[in-house]
Amino acid sequence: METGADKRAAKPSLVVIGNGMAGMRTVEELLKLAPDLYDITVFGAEPHGNYNRIMLSPVLAGDKSIDDIMLNPRAWYDDNGITLHAGDPVIHIDRRQRTVHARSGLAVKYDRLLLATGSTPFIIPVPGHQLPGVIAFRDIQDVDTMLEAARTHRHAVVIGGGLLGLEAANGLMRQGMEVTVVHVTDALMNQQLDKPAAALLKKALEDRGLRFLLNAHTEEIVGPDRVTALRFKDGSSIPADLVVMTAGVRPNITLAKAAGLHCERAIIVDDTLQTYDPRVYAVGECVQHRKATFGLVAPIWDQARVCGAHLAGAGHRRYVQQATATKLKVTGVDLYSAGDFIGGEDTEDLVVRDPRRGIYKRLVLRGTRLVGAVLYGDVKDGPWYFDLIQSGRDISAFRRELPFGQAMCQQAA
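Below: a short report on this structure. (Residues numbered from 1 in each chain as written. Predicted model: local features only at pLDDT ≥ 70, side-chain atom pairs only at ≥ 80, totals over all residues. Heavy atoms only, no water.)

### Some words on the overall build of the chain
In terms of regular secondary structure, the chain is built from 11 helices and 27 strands. Against the globule reference of 22 Å for 413 residues, the chain gives a C-alpha radius of gyration of 23 Å, in line with a compact fold. Viewed in the frame of its principal axes, the chain has a C-alpha envelope of about 80 × 65 × 35 Å. Counting only residues that meet the buried cut, the chain has 50% of its 413 residues in that class. Sequence-distant contacts, at least 24 apart, represent 61% of the contacts inside the chain between residues at least 6 apart. Taken as two groups, the 48 positive and 48 negative side-chain charges of the chain have centres that lie 3 Å from each other. (Helix = DSSP H or I, 4+ residues; strand = E, 2+ residues; numbered from the N terminus. Rg over C-alpha atoms; globule rule 2.2 N^0.38 Å. Buried < 20%, exposed > 50% of the residue type's maximum accessible area, 1.4 Å probe, protein only. Contact = heavy atoms within 4.5 Å. Lys, Arg positive; Asp, Glu negative; His and termini not counted. Charge placed at Lys NZ, Arg CZ, Asp CG, Glu CD.)

### Regarding the pattern of salt bridges
Under the definition given, this model contains 25 salt bridges. The closest approach of N and O atoms between Lys202 and Glu206, which form a salt bridge, is 2.8 Å. On the criterion of helical spacing, the pair formed by Lys202 and Glu206 is a turn pair, its members being four residues apart in helix H7 (residues 195–208). Owing to a relative accessible area of 34%, Glu206 belongs among the partly exposed residues under this scheme. (Salt bridge = Lys/Arg side-chain N within 4 Å of Asp/Glu carboxyl O.)

### Observations regarding the packing of aromatic side chains
One pass over the full model with this rule turns up four aromatic pairs. Their ring planes at 45° and their centres at 5.4 Å tell us that Trp384 and Tyr385 sit as a pair that is tilted. A residue is classified by how much of its surface remains accessible, and Trp384, at 12% relative accessible area, is buried. The exposure class assigned to Tyr385 is buried, which follows from its relative accessible area of 1%. Considering the side-chain rings of Trp384 and Phe398, the 6.1 Å spacing of their centres and the 40° angle between planes classify their relative orientation as tilted. Here the residue Trp384 occupies a position in helix H10 (residues 382–391), and Phe398 occupies one in the loop between H10 and helix H11 (406–412), the gap between them amounting to 14 residues. According to the relative accessible area criterion, Phe398 is buried, its value standing at 2%. One aromatic cluster is present, built from ring pairs that chain together Trp384, Tyr385 and Phe398. (Phe/Tyr/Trp six-rings, centres within 6.5 Å; stacked < 30°, edge-to-face > 60°.)

### Regarding the sheet that holds strand E12 (residues 155–159)
Strand order across the open sheet formed by five strands is E11-E18-E12-E13-E14, with parallel pairing between neighbours. In this open sheet, the two edge strands, each paired with only one partner strand, are strand E11 (134–136) and strand E14 (211–213). Strand-to-strand, the axes of this sheet are offset by a mean angle of 25°, without reference to chain direction. Of the pairings in the sheet, the one linking strand E13 (residues 178–182) to E14 comprises three bridges and is parallel in character. Within the sheet, the bridge partner assigned to Val182 lies in E14 and is Leu213. Contacts between helix H5 (residues 140–152) and the sheet are confined to E11 and strand E18 (242–245), with E11 contributing the most and set at about 140° to the helix. (Pairing = 2+ DSSP bridges. Axes fitted to C-alpha atoms, helices over the stretch in contact; angles between N-to-C directions.)

### Looking at the side chain of Thr326
In this structure, Thr326 sits in strand E23 (residues 325–327). Among all residues touching Thr326, those that are not within four sequence positions of it are Leu163, Met189, Gln192, Leu296, Leu335, Tyr336 and Ser337.

### Observations concerning the sheet that holds strand E27 (residues 369–376)
Sheets are built from strands that pair by backbone hydrogen bonding, the pairs being arranged parallel or antiparallel. An order of E23-E24-E27-E26-E25 is seen for the five strands of this open sheet, with the pairing classed as antiparallel. Strands with a single pairing partner mark the edges of an open sheet, and in this sheet they are E23 and strand E25 (348–354). On average, adjacent strands in this sheet sit at an angle of 15° to one another, irrespective of strand direction. One ladder, built from three bridges, connects E23 with strand E24 (residues 335–339); its direction is antiparallel.

### Considering unusual backbone geometry
Positive phi values are uncommon outside glycine, yet Asn215 reaches one of about 50°. Its location among the elements puts Asn215 in the loop between E14 and strand E15 (218–222). Here Lys291, not a glycine, exhibits a phi torsion of approximately 75°, which is positive. Structurally, the position occupied by Lys291 is in the loop between strand E22 (287–288) and helix H9 (297–311). Exposure remark for Lys291: the relative accessible area of 61% places this residue in the exposed category.

### Describing the packing of helix H2 (residues 21–33) against H9
Taken N-terminus to C-terminus, the directions of H2 and H9 make an angle of 40°; their axes are 8 Å apart at the nearest point. As summarised for this structure, H2 and H9 are arranged oblique, according to the angle between their axes. For the pair H2 and H9, the crossing hand works out as right-handed. Where H2 approaches H9, its residues Met21, Ala22, Arg25, Thr26, Glu29, Leu30 and Leu33 are matched on the opposing element by Val297, Ile300, Trp301, Ala304, Arg305, Cys307, Gly308, Ala309 and Leu311. Tallied by class, residues from the contact of H2 with H9 come to 11 nonpolar, two polar and three charged. (Parallel < 35°, antiparallel > 145°, perpendicular 65-115°, else oblique. Left-handed = near helix turned anticlockwise from the far one by under 90°. Nonpolar A, V, L, I, M, F, W, Y, C, P; charged D, E, K, R; others polar.)

Put into structure tokens, the structure is as follows:
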């Protein structure tokens, strides 16, 4: 007679390296299609279940708790028969023996391997970058460190004026710190906004109490035992008890490279999210698909759907890159951008400015199609513009009304 243990042993083994959003979303998609197909083992570096990393900013700001942002608590793993090794990262993959080795010494064999190792924050390698009080903004531990610093220190500096940096700066300010954002270019969020929208954003955040140093190049982080100041290339300096680096991330490919998987900037995958080893798949910020790498949730959810289907044996889906949209999570600041908002010689702009109401819209057209949008102050039509960008719909019938939103366009059409 076959026992439960025999049935479990008879199942193929799926090992997931990475207990973050990309890996667990892929497992959820797999479970929808084939809940009993694999014996699933998950290794995670952090000592938690799976949480929504995007919502760390509201936790820092005091709007949410850690419990609020948990996606898959430990009970979920038990309920789905998944073995979770939290706080025990994999340190070696033996592809010949099809075995992963964890830091604890545990070794687990796999039939299929899913790499969801994410990315690591880029720490600018200036003198002093290893001092206590210099951190990234990436996980729960970083948030705890920032909250502790806010209780005992006064001056915070955030290096990087992109989306994550502004969210960190807002959260630290909400915790009572004096915050300066240091950015190397002349405009905030320069990868998501054009300059007029960036200027509106800067003024709104200055009015709230944030300080900005643009075109500023950090030369040294100063302090004998803990950070005390930042010195710049022009010789000026500012006090700093806490330095938060949000100057970008790098795909975490250390394990994959050591295992001999084909990597460039990230782990190379095909349209099924399979690596050059047909037993090994990869999803999320650690992958490179058709020259592109990924940092936003929407494309990673699409990857999870495709990869989950192929792991389930329902391999008819292909991952196709789509336009992406960005929204800033700073309470009271309404900002939305999508698609190709810079444009070029073959595009034209439709622009609306209403300084008194703090509204700015820039729509980028290529022929009869909308290809990009930047909205500030009034973003309610953002998802509709995004749908137009993704669908490539002809907007000729309501071109004049386009800057004034969906309701006006529907009347015109």
